[in-house]
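# Close look at the chain arrangement
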Amino acid sequence: MLPRPVLVVIGVVVVLLGSVACRAESGGPPPPRPVEVPWQSAVLPAPPGPAGRLLVRDVVACAGRWYVVGGSDAGADQTRPAAWTSPDGVTWTSVPVAPVTYYGEQNVLYAAGCRDDRLAVLGAKNGGAHGNPRTSNWHLAGGRLVEMAAPFELYGGPNAVNVARVAGGTAGWLIVGARRDGAAAWVSTDGVRFELIEGAPELAGDARGRTTAYDVVATPAGWLAVGGLLVPGRTTLSPLVWTSADGRAWQRVPVAGADEPGQPRRVTMVGTTPVAVGPAGTGFAAWRPDGAGWRVAARFGSASGTVVPTVSGLAAGDGRLVAVTVDGAGHSFWVSGDTGGSWRPMTGPGASVPAGGDKAVAVAVSAGRLVVVVDDGGRSGVWWAVLPAESG
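Below is a short write-up of the structure. (Residues numbered from 1 in each chain as written. Predicted model: local features only at pLDDT ≥ 70, side-chain atom pairs only at ≥ 80, totals over all residues. Heavy atoms only, no water.)

What follows is about the pairing of strand E28 (residues 369-375). Among the seven residues of E28, six are classified as buried, and the element is accordingly described as predominantly covered. Note: strand E27 (residues 360-366) against E28, seven bridges, orientation antiparallel. In the strand pairing of E28, alanine 364 is matched with valine 371. Taking the residues that link successive antiparallel strands as the turn, the E27-E28 hairpin has two residues, and the phi of alanine 367 there is positive, at about 50°. The antiparallel hairpin formed by E28 and strand E29 (residues 380-386) contains four residues in its connecting segment, where glycine 377 sits at a positive phi of about 90°. (Buried < 20%, exposed > 50% of the residue type's maximum accessible area, 1.4 Å probe, protein only. Helix = DSSP H or I, 4+ residues; strand = E, 2+ residues; numbered from the N terminus. Pairing = 2+ DSSP bridges.)

Below, the structure written as structure tokens:
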């Protein structure tokens, strides 16, 4: 249940040089010039307790504060949860954590969502007879990140598949993921106590195919979730988008080209417009609404190697989007200044980081500042930058 990290300077340069040569031979236009970002590193202090390697998994910003979540690994898979906060993305302090269960004490926190000054977090640790993830939800209370003890089958049990992402909005809080019968949601009014919604019509799988939900975002009308549909007889997922006013009753949104391979993996809001990004065909795509439904707004990049391509991060701020894609070449950053209609590669902090289950990269944007957390499988770091004007 652990994510992925950073990125490209060498990797992007090599890919771009190869692309330039190819296009030169074919007489096509040169690829877009990468946006150069002046990255600066920040320091995450070691959390209280036994020394261990820091693990970073997600970063979010709201109400003038930044939060990073992850954990610490003392070796021999002895993990524990950890979190940090910052007023500016530059200077960080450790957030006290308060686990209340056996597996909560070993959780690695992997997904975070915030609304105003409230924070909700998901954490997990593999365990039990079958080694399945033991998932918990956490919330910020009194300056501490507190685990909420939950019934085993709320997130686990025989129907469990995965618990993916969490978001907060005016309608409350929502988690999306999948159960044995397809996509599922967990709803909450306070971000503390969640109720499982599984087998819901239109959200779960049915005769049309099996569904899965990867991400969710709050909208003025409630919630918007993105995921995939595996049609019987096919081996690739098609894009799927849902809307809901309350997280309980769901409607599928028409997606143009829904019979083509594609998986919107992350979704965010650019102003009042939702934009989703994920692998599609031989590269990546951005989807957004067009009045009649959703359609591909742009295709960019190319997925290489044997690694299943995905998107590990997507963030919006000041009218710009930043995405982190993952394929056999590793992690790559992209930026869009036109609501996902076109994309340019962007240099990232540090050296190129390969794909892998022990790697993680996440991004957040607020007030013109970009913060990136990276775990390359050996060490973790935080970088920040002010996005250059040319990226917008």
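Another aspect to go through is the packing of aromatic side chains. Per the stated rule, a full pass over the model turns up six aromatic pairs. Judged by centre distance (5.8 Å) and plane angle (40°), the ring pair of tyrosine 155 and tryptophan 186 falls under tilted. With tyrosine 155 in helix H2 (residues 152-155) and tryptophan 186 in strand E13 (residues 182-188), the pair connects residues that are 31 residues apart, well separated along the chain. Assigned by exposure class, tyrosine 155 and tryptophan 186 land together as buried. For the pair phenylalanine 300 and tryptophan 343, a centre-to-centre distance of 4.8 Å together with 20° between the ring planes defines the contact as stacked. With phenylalanine 300 in strand E22 (residues 294-300) and tryptophan 343 in the loop between strand E25 (330-336) and strand E26 (344-346), this pair connects stretches of sequence that are 43 residues apart. Here a set of aromatic residues connected by ring pairs shows up, and it is made of Phe284, Phe300, Trp334 and Trp343. Lying across the ring of tyrosine 214, arginine 265 places its NZ or CZ 3.9 Å from the centre. (Phe/Tyr/Trp six-rings, centres within 6.5 Å; stacked < 30°, edge-to-face > 60°. Lys NZ or Arg CZ within 6 Å of the ring centre and 35° of its normal.)

Another aspect to go through is the pairing of strand E2 (residues 53-62). Of all ten residues that make up E2, eight are buried, and the element is covered over most of its length. Of the pairings in the sheet, the one linking E2 to strand E3 (residues 65-73) comprises nine bridges and is antiparallel in character. Pairing of valine 60 across the sheet is with tyrosine 67, part of E3. Taken together, E2 and the strand that follows it, E3, pair antiparallel across an intervening segment of two residues, in which alanine 63 is found at a positive phi of about 55°.

Our next topic: the nonpolar core. With 18 residues, the main nonpolar core has Trp39, Val322, Phe333, Met346, Val363, Leu370 and Val372 as its most contacted residues. Of all the secondary-structure elements, those providing two or more residues to this core are strand E24 (320-327), E25, E27 and E28. In this structure, Val176, Leu203, Ala213 and Ala225 belong to the second largest nonpolar core, which totals 17 residues. (Core = buried A, V, L, I, M, F, W, Y, C linked by side-chain atoms within 4.5 Å.)

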